[in-house]
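The primary structure of each chain is shown beneath.
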Amino acid sequence: MSLEQRTLLLNRFNRITEMPMLFLSICFLVIFFLIENRTLSTITTLVLDGILWIIWGIFGIELLIKWYLSPDRVAYIRANWIEIVMIAIPFLRPLRLLWLPIILTRLWRQSRQTLRQRMPAFIGITSLIVVLVAATLMFVAEQGSGGPIASFADAIWWALTTITTVGYGDTYPVTALGRGVAVFLMLAGISLFGLLTANIAALFVEDEAVDRQREMLTEIQQRLTRIEQLLAQRVGVEEQS
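Keep in mind that what you see is a predicted model, and the values were worked out from it rather than measured. (Residues numbered from 1 in each chain as written. Predicted model: local features only at pLDDT ≥ 70, side-chain atom pairs only at ≥ 80, totals over all residues. Heavy atoms only, no water.)

1. Let's talk about the overall build of the protein
Counting its secondary structure elements, the protein contains 8 helices and 0 strands. N-terminal to C-terminal, the α/β element order of the protein is α-α-α-α-α-α-α-α. In the protein, buried positions account for 35% of the 241 residues. For the protein, long-range pairs separated by at least 24 residues make up 67% of all intrachain contacts whose partners lie at least 6 apart in sequence. (Helix = DSSP H or I, 4+ residues; strand = E, 2+ residues; numbered from the N terminus. Buried < 20%, exposed > 50% of the residue type's maximum accessible area, 1.4 Å probe, protein only. Contact = heavy atoms within 4.5 Å.)

Here it is in structure tokens:
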């Protein structure tokens, strides 16, 4: 297979797998948090473990196909060596936390590429990720502290009220680590909603610009029509004379 054919197939493979791999990355992240919170039954945990194994295998197959189709396979290994190493390592529980930054990085890259023309969807997915990460860290930080955040459900509720800047005050962190997570989530919430507001404003400005362009095109078309009519009249007069 020539380099041109491999490049063409790689581009086609990337287009086809963009959305499915983004969905699998989100599923992996959600299942990862559900398992690590240790609030599920043994059977449910085993089932989710099996799903993680399947997704993990799909990630490995995807990397293998991209490596095979890559025009420069050495450069591909250099650019993706972290993911390659993580997939090559046995999927044991002590190593699962090492997957978190890899999956977050992968999810950020995929969502940015796939949703670059759909900013609201990108902001929504990013907000979901930030809420899950912050809630998990808060739950771990506040366990046994005697504070109002005593379960993962409390941590989720706290994360949702904090990222939306509502802040009911019924749940709050009492540990230093928990307060650090709270500061991060508050800043992230302000940034995300700032992006959403700017994007909505840009849509209105864009619509107004489009309307102006349409008005200008309509006016130009009317002028051209009048010019054509005048030219036709002149031609008719010249022919008669």
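2. Comments concerning a nonpolar patch on the surface
Taken together, the side chains of Leu64, Trp67, Tyr68, Ile77, Trp81, Ile82, Ile84 and Val85 present a nonpolar region at the surface, about 730 Å² in accessible area. Those elements that provide at least two residues to the nonpolar patch are helix H2 (42-69) and helix H4 (81-88). The topology assignment puts Ile82 in helix H4. Look at Ile82 and you get partly exposed, because its relative accessible area is 40%. (Patch = residues over 30% accessible without salt bridge, like charges linked within 9 Å, V, L, I, M, F, W, Y side chains within 5 Å. Areas by Shrake-Rupley, 256 points an atom, 1.4 Å probe, with all protein chains shown as cover. Salt bridge = Lys/Arg side-chain N within 4 Å of Asp/Glu carboxyl O.)

3. Some details on the packing of aromatic side chains
Using the criterion set out here, one finds 2 aromatic pairs in the structure. Residues Trp53 and Trp56 carry aromatic rings whose centres are separated by 4.9 Å and whose planes lie at 90 degrees to one another, so their mutual orientation is edge-to-face. Within this pair, Trp53 and its partner Trp56 are both found in helix H2, separated by 3 residues, close to a single helical turn. With a centroid separation of 6.1 Å and an interplanar angle of 80 degrees, the aromatic rings of Phe139 and Phe152 are classed as edge-to-face. Within this pair, whereas Phe139 is found in helix H6 (residues 119-142), its partner Phe152 is found in helix H7 (residues 152-163), the two being separated by 13 residues in sequence. By relative accessible area, which is 13% here, Phe152 ends up buried. Positioned above the aromatic ring of Trp67, the side-chain terminus of Arg73 is 5.2 Å from the ring centre. (Phe/Tyr/Trp six-rings, centres within 6.5 Å; stacked < 30°, edge-to-face > 60°. Lys NZ or Arg CZ within 6 Å of the ring centre and 35° of its normal.)

4. Focus on the nonpolar core
Formed by 22 residues in total, the largest nonpolar core has its most connected members in Phe28, Ile31, Phe33, Ile55 and Phe59. The leading source of residues in this core is helix H1 (residues 3-36), at 10 residues. With near-sequence residues (within four places) excluded, Ile31 lies in contact with Leu48, Ile51, Leu52 and Ile55. Membership of the second largest hydrophobic core comes to 18 residues, among which are Met138, Phe139, Ala182 and Ala188. (Core = buried A, V, L, I, M, F, W, Y, C linked by side-chain atoms within 4.5 Å.)

5. Side note on H2
Across its 28 residues, H2 extends 41 Å between first and last C-alpha, which sits within 8% of the 40 Å expected from 1.5 Å per residue. Among the residues of H2, Thr45, Leu48, Asp49, Leu52, Ile55, Trp56, Phe59, Gly60, Glu62, Leu63, Lys66 and Leu69 are the ones counted as buried. (Expected span 1.5 Å × (residues − 1).)

6. Things to note about the confidence of the model for the protein
Averaged over the protein, the pLDDT score is 77; the fraction of residues at 70 or greater is 77%. H7 holds the highest mean pLDDT among the elements of the protein, 87, whereas helix H5 (residues 96-114) holds the lowest, 63. (pLDDT = per-residue confidence, 0-100.)

7. Examining the pattern of salt bridges
Using the criterion set out here, one finds 1 salt bridge in the structure. A salt bridge links Lys66 to Glu62, with the nearest nitrogen and oxygen atoms 3.0 Å apart. Placement of the pair is Lys66 and Glu62 together in helix H2, with a separation of 4 residues, close to one helical turn. On the accessibility criterion, Glu62 (4% relative accessible area) is buried.

8. Side note on H7
Taking 1.5 Å of rise per residue, the 12 residues of H7 would be expected to cover 16 Å, and the 16 Å separating its terminal C-alpha atoms lies within 8% of that figure. Taken together, the buried positions of H7 are Phe152, Ala155, Trp158, Ala159, Thr161, Thr162 and Ile163. Two residues or fewer past H7, Thr165 is found with a positive phi of approximately 60 degrees.

9. Considering the side chain of Thr45
Here Thr45 shows up in helix H2. Non-local contacts of Thr45, meaning those with residues more than four positions away in its chain, are made with Ile35 and Leu40.

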